[in-house]
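# Structure assessment
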Amino acid sequence: MPASTPLAETGELVLGIESSCDDTAAAVVRGGRQVLSSVVRSQATLHAPFGGVVPEIAGRSHLRDIGPVIDQALAEAGVGLDDLDAIAVTVRPGLIGSLLVGLSAAKALAYARGLDLVGVHHIEAHAYAATMEHDVVFPAVALVVSGGHTALYRMENATTLELLGQTLDDAAGEAFDKVAQLLGLAYPGGPEIARTALAGNPAAIDFPRYRSKGEKASFSFSGLKTAVLYHLKGGDALAPTPAPADVEHKPDIAASFQAAAVDMLVRETIAAARRADIETVLVAGGVACNAELRRVMHERATADGIVATFPSPAYCSDNAAMIAGLGARRWRAGERAGWELDALAR
Ligand code: KG4
Ligand code: ZN
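In this text the structure is predicted, and so the values were computed from the model without any measurement.

### Regarding the environment of Asp23
Residue placement: Asp23 occurs in strand β2 (residues 23-30). C-alpha separation for the pair Asp23 and Ala44, spaced 21 residues apart in sequence, amounts to 8.0 Å. Sequence-distant contacts of Asp23, defined by excluding residues within four places in its chain, comprise Glu18, Val40, Arg41, Ser42, Gln43, His62 and Asp318.

Structure below.
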């Protein structure tokens, strides 16, 4: 789904390739912002029976899908490989076997066609995504919240990030996925928790909310996850975990868990922005699809004179448009990767 950014038909043409986790994606972007195509092939149904991503299955599926997905992105954009200025590819962080599939494809195409290659950091690309569809006033505080990451950055501009703090244990998305599993909801759990929570009372259970101390931002979701488990065991840590089918009041549990998770994310983000006297907050990553997070973040930001910006859902979850977009900006700044470009898990 191309973003409807009214941009000129000029600017560099970049193919983005993303394969860091369980989505095989390719996109063509012009001028860093105008999305000509964005193809995402999800592996969710393959991993669903396991309640999480199985690295070996992910790598093999990327290998099968990467060629067709790239072909489709080029075809939908109506461009050929020789029209491109560069290929941008996710090189970190992620599952190493998965990253290597996208990187190898990018290198092969760039070598064969004499194209420039740019390596992109997946988390930086998530944050960049929030600047693709909207004109953002910098500096900004960016919250990147996904299945693998929960971190706050200070952004001087769309391409320069400085880490302010991150989760001490689980990522927020991971907590959504784990709680969904306990409740017997399908993987990925985030959207399922959100849907189930609609029928529940967010004040039904007072789950604990971690707060960072001092000046440094941080998050923690393992305590919340354990509190949900403890609640399901009826407050007796030694009691067996009930089968999902036997869990009562699922909507109340989902709504109360979601309220606690959202409250932690919003508080820490607004506090970081206030500390640095910053009036722009960007939120990106798969969990940024969450409607309650969007509502509460907008509400509390507005109360503090802060503007909160979210990408549209297609650019919150993993996609290659954000890789091509950030890659284009880096290419414009003169960045070129050599053939020694390597993938890194962290
Ligand atoms: O960014 P993403 O697609 O992949 C990673 O880089 O991890 O994020 C996936 C995560 C999953 O944990 C998924 O459950 C969560 O984002 N997610 C949501 C929602 N949609 C996706 N979490 C809460 N509410 C949602 N609506
Ligand atoms: Zn991601």
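That shown, we press on.
### Some remarks on the domain arrangement of the protein
Looking at the protein, the domain boundaries give domain 1 (13-127 + 316-332) and domain 2 (138-311). Relative placement of domain 1 and domain 2: their C-alpha centres are 27 Å apart. Taken together, the 18 residues of domain 1 in the interface contact 19 residues of domain 2. Counting each side, the surface lost to burial between domain 1 and domain 2 is near 1,500 Å², with a carbon and sulfur contribution of 70%. Of all residues in domain 1, the largest losses of buried area upon contact with domain 2 belong to Ile123, Ala127 and Cys316, amounting jointly to 41% of the total for that side. Across the domain 1-domain 2 interface, the total number found is 4 residue pairs in polar contact (both at pLDDT 80 or more). Considering every element that reaches the side of domain 1 that touches domain 2, the biggest residue donor is helix α4 (residues 122-129), with 4 residues.

### As for the sheet that holds strand β4 (residues 86-92)
Whenever strands of a sheet pair, they do so through backbone hydrogen bonds, lying parallel or antiparallel. The mixed open sheet is built from 5 strands, whose spatial order is β3-β2-β1-β4-β5. Here the strands that pair on one side only, and so sit at the sheet edges, are β3 (34-42) and β5 (116-121). Adjacent strand axes in the sheet meet at a mean angle of 20 degrees, parallel and antiparallel pairs treated alike. Together, β1 (13-18), β2 and β3 form the strand contacts of helix α2 (residues 55-77), whose direction differs from that of β2 by roughly 25 degrees. Across the sheet, helix α3 (residues 96-113) lies against β1, β4 and β5, angled at about 155 degrees from β4, the strand it touches most.

### Considering the pairing of strand β9 (residues 280-284)
Counting buried residues in β9 gives 5 out of 5 residues, a clear majority hidden from the surface. Residues Thr280, Leu282 and Ala284 of β9 are buried on one face, and the alternating residues Val281 and Val283, pointing to the opposite face, are buried as well. Sheet topology places strand β6 (residues 140-145) next to β9; 4 bridges connect them, and they run parallel. The residue bridging Leu143 from the neighbouring strand is Val283, located in β9. Sheet topology note: the β9/strand β10 (residues 307-309) ladder contains 3 bridges and is parallel. In the strand pairing of β10, Leu282 is matched with Thr309.

Quick notes on the rules
Residues numbered from 1 in each chain as written. Chains lettered and ligands numbered in written order. Predicted model: local features only at pLDDT ≥ 70, side-chain atom pairs only at ≥ 80, totals over all residues. Heavy atoms only, no water. Helix = DSSP H or I, 4+ residues; strand = E, 2+ residues; numbered from the N terminus. Contact = heavy atoms within 4.5 Å. Domains from an automatic or database assignment. Buried area = accessible area lost by both parts, 1.4 Å probe. Polar contact = N/O pair within 3.5 Å; in protein donor to acceptor, adjacent residues only side chain to side chain. Pairing = 2+ DSSP bridges. Axes fitted to C-alpha atoms, helices over the stretch in contact; angles between N-to-C directions. Buried < 20%, exposed > 50% of the residue type's maximum accessible area, 1.4 Å probe, protein only.

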